[in-house]
Amino acid sequence: MTTTTASGTASAEEAPFFPAPRSCPFSAPEQHTAFREAGGLHKVTIWDGSTHWLATRHADIRAVLSSPSFSADVRNPDFPLVHSNQPEHEGGLFLRLDDPEHARLRQMLTKEFSVRRTQAMRERLLRITDELIDAMLAKGGPVDFIQDFALPLPSRAICLILGVPYEDHALFERHANAGTDLDVSHEERARTQREAFAYYEALVERKRREPSDDMISRLLAHHTGPDGFAPEMLPVLVGILVGAGHETTANMLGLGTVALLVNPEQRDRLRDRPELAPSAAEEMLRYWSIVSTDPRRVALEDVEVGGQLVREGEGVIVSLIAGNRDPRAFGANEGESLADTLDIGRNARRHVAFGFGSHQCLGQNLARVEMQVAWPRLFERIPGLRLAIAEDELPFKRNSIVYGLTSLPVTW
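Now for a quick tour of the structure. (Residues numbered from 1 in each chain as written. Predicted model: local features only at pLDDT ≥ 70, side-chain atom pairs only at ≥ 80, totals over all residues. Heavy atoms only, no water.)

**Section: the overall build of the chain**
Here is step 1: Scanning the chain for helices and strands turns up 17 helices and 14 strands.
Here is step 2: For the chain, whose C-alpha radius of gyration is 21 Å, the value lies close to the compact-globule estimate of 22 Å for 412 residues.
Here is step 3: Oriented by its inertia axes, the alpha-carbon framework of the chain measures out at about 60 × 55 × 40 Å.
Here is step 4: Split into buried and exposed, the 412 residues of the chain put 55% on the buried side.
Here is step 5: Intrachain contacts of the chain at a sequence separation of at least 6 include 72% that bridge at least 24 residues. (Helix = DSSP H or I, 4+ residues; strand = E, 2+ residues; numbered from the N terminus. Rg over C-alpha atoms; globule rule 2.2 N^0.38 Å. Buried < 20%, exposed > 50% of the residue type's maximum accessible area, 1.4 Å probe, protein only. Contact = heavy atoms within 4.5 Å.)

**As for the packing of aromatic side chains**
Here is step 1: Inspection of the entire model under this criterion finds eight aromatic pairs.
Here is step 2: Look at Phe26 and Trp288: their rings are 5.3 Å apart centre to centre, the planes differ by 45 degrees, and that puts the pair in the tilted class. You can see Phe26 sitting in the loop between β2 (8-10) and α1 (30-38) and its partner Trp288 sitting in helix α14 (residues 277-288), a full 262 residues away along the chain. Each of the two residues, Phe26 as well as Trp288, counts as buried.
Here is step 3: Taking the centre distance of 6.0 Å and the plane angle of 70 degrees together, the rings of Phe26 and Phe396 count as edge-to-face. In this pair, Phe26 is assigned in the loop between β2 and α1 and Phe396 in the loop between β13 (386-387) and β14 (409-411), connecting sequence segments 370 residues apart. Summarising the burial analysis for this pair, Phe26 and Phe396 share the class buried.
Here is step 4: Aromatic ring contacts, followed pair by pair, group Phe26, Tyr287, Trp288, Phe396 and Tyr403 into a single cluster.
Here is step 5: A cation over a ring is seen here: Arg286 above Phe330, with NZ or CZ 5.4 Å from the ring centre. (Phe/Tyr/Trp six-rings, centres within 6.5 Å; stacked < 30°, edge-to-face > 60°. Lys NZ or Arg CZ within 6 Å of the ring centre and 35° of its normal.)

**Examining the pairing of strand β3 (residues 42-45)**
Here is step 1: The alternating pattern of β3 places His42 and Val44 on one face and Lys43 and Thr45 on the opposite face, and all of these are buried.
Here is step 2: Across four bridges, β3 lies against strand β4 (residues 51-55) in antiparallel orientation. Counterpart to Val44 in the pairing with β4 is His52.
Here is step 3: Taking the residues between adjacent antiparallel strands as the criterion, β3 and β4 are bridged by five residues, where Gly49 takes a positive phi near 85 degrees. (Pairing = 2+ DSSP bridges.)

**Describing the side chain of Asp73**
Here is step 1: Checked against the element boundaries, Asp73 lands in the loop between β5 (70-71) and α3 (86-90).
Here is step 2: A distance of 2.9 Å separates the side chain of Asp73 from the backbone nitrogen of Arg75, its partner in a polar contact.
Here is step 3: Those residues within four positions of Asp73 in sequence are excluded, and the remaining contacts are Phe79, Arg96 and Asp98. (Polar contact = N/O pair within 3.5 Å; in protein donor to acceptor, adjacent residues only side chain to side chain.)

**Quick look at the sheet that holds strand β6 (residues 143-144)**
Here is step 1: The sheet built from three strands is open, its strands ordered β6-β14-β13 with antiparallel pairing. Of all strands in the sheet, those with a lone pairing partner are β6 and β13, marking the two edges.
Here is step 2: Sheet topology places β6 next to β14; two bridges connect them, and they run antiparallel. What sits directly across from Val143, in β14, is Val410.

**Structural notes on helix α11 (residues 215-222)**
Here is step 1: Looking at α11, one finds that the buried residues are Met215, Ile216, Ser217, Leu219 and Leu220.
Here is step 2: Near the N-terminus of α11, the side chain that reaches the backbone nitrogen of Ile216, with its oxygen 3.3 Å away, is that of Asp214.

**Some thoughts on the side chain of Gln266**
Here is step 1: Position of Gln266 relative to the elements: it lies in helix α13 (residues 264-272).
Here is step 2: Owing to a relative accessible area of 8%, Gln266 belongs among the buried residues under this scheme.
Here is step 3: What Gln266 contacts, discounting residues up to four positions off in sequence, is Leu260, Leu342, Asp343 and Ile344.

**Regarding the packing of helix α12 (residues 234-262) against α14**
When two helices pack together, their arrangement is given by the angle between the helix axes and the distance between those axes.
Here is step 1: Two elements in contact, α12 and α14, have axes separated by 10 Å at closest approach and are oriented at 100 degrees. Accordingly, the angle class assigned to the pair α12 and α14 is roughly perpendicular. Where α12 approaches α14, its residues Met252, Leu255, Gly256, Ala259 and Leu260 are matched on the opposing element by Met284, Leu285 and Trp288.
Here is step 2: Tallied by class, the residues present in the contact of α12 with α14 amount to seven nonpolar, one polar and no charged. (Axes fitted to C-alpha atoms, helices over the stretch in contact; angles between N-to-C directions. Parallel < 35°, antiparallel > 145°, perpendicular 65-115°, else oblique. Nonpolar A, V, L, I, M, F, W, Y, C, P; charged D, E, K, R; others polar.)

**Brief notes about unusual backbone geometry**
Excluding glycine, residues mostly carry a negative phi; peptide bonds, for their part, are mostly trans.
Here is step 1: The peptide bond linking Asp99 to Pro100 adopts the cis configuration, its omega dihedral lying at 10 degrees.
Here is step 2: Inspection of the secondary structure puts Pro100 in the loop between α3 and α4 (101-110).
Here is step 3: Backbone torsion omega between Gly141 and Pro142 reads 0 degrees, so that peptide bond is classified as cis.
Here is step 4: Looking at the element boundaries, Pro142 is found in the loop between α6 (122-139) and β6.

**Here's the deal with the pattern of salt bridges**
Here is step 1: Inspection of every chain in the model, using the stated rule, returns 32 salt bridges.
Here is step 2: Here Lys139 ties to Asp148 by a salt bridge, and the two come within 2.9 Å at their closest N and O atoms.
Here is step 3: Owing to a relative accessible area of 54%, Lys139 belongs among the exposed residues under this scheme.
Here is step 4: Among the ionic pairs, Arg269 bridges to Asp343, the shortest N-O distance being 2.9 Å. Taken together, the residues span a long stretch of sequence, with Arg269 in helix α13 and Asp343 in the loop between β12 (336-337) and α17 (364-381) at a distance of 74 residues.
Here is step 5: Salt bridges here are not isolated pairs; linked through shared partners, they connect Asp130, Asp134, Arg377, Glu380 and Arg381. (Salt bridge = Lys/Arg side-chain N within 4 Å of Asp/Glu carboxyl O.)

**Here we look at the pairing of strand β7 (residues 296-299)**
Here is step 1: The alternating pattern of β7 places Arg296 and Val298 on one face and Arg297 and Ala299 on the opposite face, and all of these are buried.
Here is step 2: The pairing of β7 with strand β10 (residues 315-318) spans three bridges and is classified as antiparallel. The residue bridging Arg297 from the neighbouring strand is Val316, located in β10.

Right, dumping it as structure tokens:
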């Protein structure tokens, strides 16, 4: 089989399967980088044998994600699915709807994750950070940074916002992990989704009987019914928010810590100048681009992107990491790209790690505050933090919706 690209024809051996592996865990997939520099969109083959366009340039990614000519609805028969369970699990959810319905429902949630509300959590997040550091120091190294810090910090935060009991964290973390692991079978994923739905259905019903000052209770009181979220969709929505609210940030905290440990000049710079925390968080988001399989869209009409005509019914996948390493967007110096280097002082706010357009990540303000709090405090209190294994032994995820580490042994 041949795969036609915007710049020519690639042989079957060259046709990428998405998500492409990162041969170097700190870099974009080599094929995505080559496609970006070749220009235009390129045809790729995904898990089910279907072919779709891959956008790798920063400008093309923003064009696709901001255009009403592309749909985010996974129920569209031409949509480039991440896995076979996606239409059943996500179909009809607000984040998979198109505007104006998506915007109308999203507006009911944005206040919960506003800049003002998430900034008001900063002191609480700092206390949680200190508690986790205290526990690590009491345990003594080596510890698994993922299990002892990176995972519990965002898990506790999203529990506070939504009103989910943190004592159930092992259960909902397992659900989230099964939902992002692309090696999980269709049957196992479906079983886990049923189990998760039963848990969140019971939780929502408990909040209906005993409301409190949390997001689930407010959704039930003000945004459920004919003009809001369908009652039967609420448990699925809560599950999505819990998973997205801790899984992505946990991986970012782990990866960002590794990046600082293997770039000690950047670590020392952040420790000496904690006011760099906001730009450090943006740079880590750009540098890692941990969502490796989304966003995806399907064309609702013929539309041109990057000089390539995308016809109605054709799918487009965007490579966030290729776009976030695009030297056209993030600088080049005398022909040498600076986009592949880590610079916590860089102005990286134009990154697309949270997506772009009206479907940008709902919880991005919360994620930013968590990272801004965590890294300066961590290296202030444990300045001698270091890897407990060799860098080339770090266990990176290889086939997941969210890139990250399965564990991170550290000591001091």
